[in-house]
Amino acid sequence: MLRIFVISIILVVPKSNAADKKYNALQFGTTKHDYIRFSYNMTSLRNSLSVCTWIKRVSTDSAIPVVFDYFSWDDHEILIGSDGRYNRMVGDHVIDNSHRLFTTKVGQWFHYCLTWSSISRTIQLFLDGALTRTSQTSSGRQLAIIGIIRFNRLENTDSAAFIFGGQLFQFNIYSEVLDLVAIKRMAEGGLCFDLDGFPGTRILSWEEIMTKSRAGSVTEVTGCDLNKDTTQINRYSEDL
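Just so it is clear, the structure is predicted and the values come from calculations on it, not from any experiment. (Residues numbered from 1 in each chain as written. Predicted model: local features only at pLDDT ≥ 70, side-chain atom pairs only at ≥ 80, totals over all residues. Heavy atoms only, no water.)

Draft legend 1. Spatial organisation of the nonpolar core. Counting residues in each nonpolar core, the largest one holds 45 residues, and the members touching the most others are Phe-68 and Phe-151. Among the elements that take part in this core, strand β7 (residues 109-117) stands out by supplying 5 residues, more than any other. In this view, Phe-68 contacts Ile-78, Leu-79, Ile-80, Ile-149, Arg-150, Phe-151, Phe-171 and Ile-173; residues no more than four positions away in its chain are not counted. Within the second largest apolar cluster, 11 residues are counted, among which are Cys-113, Leu-178, Ala-182 and Met-186. (Core = buried A, V, L, I, M, F, W, Y, C linked by side-chain atoms within 4.5 Å. Buried < 20%, exposed > 50% of the residue type's maximum accessible area, 1.4 Å probe, protein only. Helix = DSSP H or I, 4+ residues; strand = E, 2+ residues; numbered from the N terminus. Contact = heavy atoms within 4.5 Å.)

Quick look at the structure:
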């Protein structure tokens, strides 16, 4: 008698976990067509906020590389550059032109935070967990609540001079002023620092940014390598 055996093989294909994208960085292209752009309501950030992120320059082609621009009513309310040219909060220009502080070599990550409060009227710039510059804004100043966010160049120009063309990771905006201890802890924790249990209310999170539409060349690359965190943090020995 001929017997036929049927062997069932079940292949289990692991599903992609969307949350894993939080470990990815974004590599931006070097043309005006490469960007992320969306409108955003900043109501919950009107009186205080902290912007923190990891930045890596991979090119020196642009004269004034702009990482992030929040543009509202013909003004750059928040403007961040990768070379120190722009460190602008609520349109205040005082701590722009901080090139001498941005000493990280091209191809290396550095941690950046910019904080502000309408009560203290103080803008603070942190690099790799160290407070490097401060400034006072005018009394009664508030952040404009409706505007356009653009990554990789200025919002109101097509000039190639403002293209960042580098890598960005864990860009988050918090609704309060993070203190020195918290920012230092974040910076020293490296690229794989777990923000899930970190104190602070994230309003615009990296996970949300990763879901936004991308124009041109904006690709995902490794940010945090869970097997080996190779972050090199530069230390600022200068007494500021």
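That shown, we press on.
Draft legend 2. Main features of the packing of aromatic side chains. Within this structure, the stated rule accounts for 11 aromatic pairs. Note on Phe-169 and Trp-206: the rings are 6.2 Å apart at their centroids and 80° apart in plane angle, and the pair reads as edge-to-face. Taken together, the residues Phe-169 in strand β11 (residues 167-174) and Trp-206 in helix α2 (residues 206-209) connect sequence positions 37 residues apart. Residue classification places Trp-206 among the buried residues on the basis of a relative accessible area of 0%. By the ring-pair criterion, three or more aromatic residues cluster together here, those being Phe-68, Phe-151 and Phe-171. Lying across the ring of Tyr-35, Arg-150 places its NZ or CZ 4.4 Å from the centre. (Phe/Tyr/Trp six-rings, centres within 6.5 Å; stacked < 30°, edge-to-face > 60°. Lys NZ or Arg CZ within 6 Å of the ring centre and 35° of its normal.)

Draft legend 3. A look at unusual backbone geometry. Residues other than glycine seldom take positive phi values, yet Asn-97 does so here, at roughly 55°. When you line up the elements, Asn-97 lands in the loop between β6 (87-89) and β7. Residues other than glycine seldom take positive phi values, yet Arg-121 does so here, at roughly 60°. Structurally, Arg-121 is set in the loop between β7 and β8 (122-127).

Draft legend 4. Expanded view of the pattern of salt bridges. Counted under the stated rule, the structure contains 10 salt bridges. Between Glu-155 and Arg-37 there is a salt bridge, with the nearest N and O atoms lying 2.9 Å from each other. Linking Glu-155 in the loop between β10 (146-151) and β11 with Arg-37 in strand β2 (residues 35-41), this pair joins segments that are 118 residues apart in sequence. In this structure, the salt-bridge partner of Glu-77 is Arg-141, at a minimum N-O distance of 2.8 Å. Within this pair, whereas Glu-77 is found in strand β5 (residues 75-81), its partner Arg-141 is found in the loop between β9 (130-136) and β10, the two being separated by 64 residues in sequence. A relative accessible area of 22% means that Arg-141 is categorised as partly exposed. Because the salt bridges share partners, they merge into one network encompassing Arg-37, Arg-150 and Glu-155. (Salt bridge = Lys/Arg side-chain N within 4 Å of Asp/Glu carboxyl O.)

Draft legend 5. Molecular detail of helix α1 (residues 180-188). Taken together, the buried positions of α1 are Ala-182, Ile-183, Met-186 and Ala-187. Summarising the axial view, the buried residues of α1 lie within an arc of 130°, below the 170-degree limit, and thus occupy one face. Two to three positions downstream of the cap, the backbone nitrogen of Val-181 sits 3.3 Å from a side-chain oxygen, assigning the N-cap of α1 to Asp-179. Where α1 ends, the next residue or the one after it, Gly-190, has phi of about 80°, a positive value. (Arc of directions from axis to C-beta. Polar contact = N/O pair within 3.5 Å; in protein donor to acceptor, adjacent residues only side chain to side chain.)

Draft legend 6. Representation of the environment of Asp-225 in the model. Positionally, Asp-225 belongs in the segment after β14 (218-222). Using a relative accessible area of 34% as the deciding quantity, one classes Asp-225 as partly exposed. Separated by 201 residues in sequence, Asp-225 and Asn-24 place their C-alpha atoms 8.8 Å apart.

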